[in-house]
Amino acid sequence: MTVNDLPIVAFFKHLLDPFIIWSTLILTAWLYDEDFTSYYLVLVIITFFVSTYIYERILIYRNWRKGRLFAYMRDTVVGWLMIIAILVFLGYATKFHNQFSPQVLLTWFIVTPLMLIASHITVRSIVTNLYNRGKLRSAIVIGANENSLAFIRHIAELPFLLISYQGFFDERSSSRIAASNFGSQSDEPDDPASAATITRPDDFGSRLGGLDDVVPYIQKHNTEMVFISLPMSSQPRIQKLMDELPDTTSSIYFLPDIYIFDLMQARFEYIGDTPVVAMNESPFIGIDGVVKSVSDFVLALLIIILLSPVMACIALAVRVTSPGPVIFKQRRYGLNGEEIIVYKFRSMTVTEDGATIQQAKQNDQRLTKIGGFLRRTSLDELPQFFNVLEGKMSIVGPRPHAVAHNELYRKLIKGYMLRHMAKPGITGWAQINGWRGETDVLEKMKARIEHDLYYLKNWSIWLDLWIIFKTVWIVLRKDNAY
């Protein structure tokens, strides 16, 4: 058993979910009085491999582990639609689709995701009942620090883990724990109203002793799970514990202190049999990546269709009011730092794309006759919806900067390039929070980057919708655009 793949999750992945998919097909065929031929058996086998592959790739069980039931329900339905699409394609490609009853397949397609969701809700209810009856695995934590405290709180918030936290072991006194992790307890906060939010050592629960007391305690109480949360610098102490703990029957886990770093979408995964830790990763993986890409394509296509007369008029106006190309093309960094060409309606008399680029500023003398209007209304950005259709940009994401600006700021701002772990956006979290327009001082660019990284760490489809709504409102008010 691993922490990432608790028995109840493994139960779903390897037993319950495949059984529901198969049994629903068999039961449906029986209800329609359809003979369960060898073709249906082949369909069962193919569905097993396809569903296993799809649900693993969209990380469906990660949301279950986190207690995000509605996100799990969404992922189940979307994943099943993908499975259906693959099965239908295979059926028509192999000419085997005529071997199945349309009624059986349609009913199976509709009922299966409902049965999967119902089974998870049922099991969650059973697990909650077990928790309330005290059917839990006892656990202790070795090491009192912010990492172990986050883990302890996680156990308390997710009862379906069925873990009963008993207490912690640490060599240090309570005062030393307070001083090393959270500052001296004698320090008074600047804001008295925030005093209640300061973390105290007693938030760790019962102190059970020092490291020498761990094994005797486990042997006496038959503790089932041990979580070691010592810093990486404590290798000798960890090795000593690992030499002693095999004399018990406890399952042993290590909580690495990776959270001392500023992480983005951190998670644990396996590559083959090798455990790996994703410390900085794009949020757009699995089903979230599919949802993001599909919504981008559909919205961009609709906007282009609806605004095509407006774009045609703008193109004509740009052509007749100033010499030069209608579309301004500039090299910028896209996903994974790869160069892309971003389109805009030309609003200036220059088309800079070299090693040095001057940012647009208020009352810029380089603006064309209609350039100021285009920039104030953000109409110059409309061609970027074609970038979205190309798959080079997203409607919402960190705004792309010119290559020259990227090369400058990546040397000045820590974590600057992390913003390129997502496709650049036409609008973004920074822009709706006042960080659009010229960044004439370094602090402004730092603030923009902080907002970009916040977006990547906290992305959801609802956040995207809010940003789009707020962008429309800001554009109508013409804030900070020139």
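Structural data are supplied above this passage.
Residues numbered from 1 in each chain as written. Predicted model: local features only at pLDDT ≥ 70, side-chain atom pairs only at ≥ 80, totals over all residues. Heavy atoms only, no water.

Trainee: When you look at the environment of S206 in this model, what are you seeing that I'm missing?
Mentor: Assignment of secondary structure puts S206 in the loop between helix 7 (174-182) and strand 3 (207-209). For the pair S206 and I140, spaced 66 residues apart in the sequence, the C-alpha separation amounts to 9.9 Å. (Helix = DSSP H or I, 4+ residues; strand = E, 2+ residues; numbered from the N terminus.)

Trainee: Any chance you could explain the sheet that holds strand 1 (residues 137-142) here in plain terms?
Mentor: Note on sheets: strands pair through backbone hydrogen bonds, and any given pair is parallel or antiparallel. Strand order in the open sheet made by the five strands is 3-2-1-4-5, with parallel pairing throughout. Looking at strand neighbours, the two that pair on one side only are strand 3 and strand 5 (251-254), the edges of this open sheet. Taken over all neighbouring pairs, the strand axes of this sheet differ in orientation by 30° on average, direction set aside. Alignment of strand 1 against strand 4 (residues 225-228), held across four bridges, turns out to be parallel. (Pairing = 2+ DSSP bridges. Axes fitted to C-alpha atoms, helices over the stretch in contact; angles between N-to-C directions.)

Trainee: Teacher, can you tell me more about the environment of Q166 here?
Mentor: Take Q166: it is sitting in strand 2 (residues 163-169). As a C-alpha pair, Q166 and A139 span 27 residues in sequence and 5.8 Å in three-dimensional space. Not counting residues within four places of it along the chain, the set of residues in contact with Q166 comprises S138, A139, I140, S206, L208 and Y217. At 2.8 Å, the side chain of Q166 and the side chain of S164 are in polar contact. (Contact = heavy atoms within 4.5 Å. Polar contact = N/O pair within 3.5 Å; in protein donor to acceptor, adjacent residues only side chain to side chain.)

Trainee: Just to check I follow, could you spell out the packing of aromatic side chains for this structure?
Mentor: Each aromatic ring pair is specified by the distance between its two centres and by the angle formed by the two planes. Under the definition given, this model contains 13 aromatic pairs. The interplanar angle of 35° and the centroid separation of 5.6 Å between the aromatic rings of W108 and F109 together place this pair among those described as tilted. Neither residue differs from the other here; W108 and F109 are each classed as buried. Pairing F169 with Y217 gives two aromatic rings, centres 5.5 Å apart and planes at 70°, and the pair type is edge-to-face. With a gap of 48 residues between them, F169 in strand 2 and Y217 in helix 8 (residues 214-221) connect regions that are remote in the sequence. Residue classification places F169 among the buried residues on the basis of a relative accessible area of 0%. Through a chain of ring-to-ring contacts, the aromatic side chains of W22, F48 and F49 assemble into a single cluster. The ring of Y416 has R419 lying over it, and the distance from NZ or CZ to the ring centre is 5.6 Å. (Phe/Tyr/Trp six-rings, centres within 6.5 Å; stacked < 30°, edge-to-face > 60°. Buried < 20%, exposed > 50% of the residue type's maximum accessible area, 1.4 Å probe, protein only. Lys NZ or Arg CZ within 6 Å of the ring centre and 35° of its normal.)

Trainee: Help me understand unusual backbone geometry in this model?
Mentor: Of note, the phi angle at D33 is positive, near 55°, even though the residue is not glycine. Among the secondary structure elements, D33 is positioned in the loop between helix 1 (7-31) and helix 2 (38-57). Residues other than glycine seldom take positive phi values, yet S378 does so here, at roughly 60°. Summarising the element assignment, S378 is placed in the loop between helix 11 (371-376) and helix 12 (384-389).

Trainee: What should I look at first to understand the pairing of strand 4 in this one?
Mentor: Within a regular strand, side chains alternate between the sheet's two faces. Burial along strand 4 is two-sided: the residues M225 and F227 and V226 and I228 are all buried. Relative to strand 5, strand 4 runs parallel, the two being bridged by four bridges. Bridge assignment links M225 to a residue of strand 5, and that residue is S251.

Trainee: Would you mind going over the pairing of strand 1 with me for this structure?
Mentor: With six of six residues buried, strand 1 lies mostly within the body of the structure. The alternating pattern of strand 1 places R137, A139 and V141 and S138, I140 and I142 on opposite faces, both of which are buried. Across six bridges, the pairing between strand 1 and strand 2 is parallel. Bridge assignment links I140 to a residue of strand 2, and that residue is G167.

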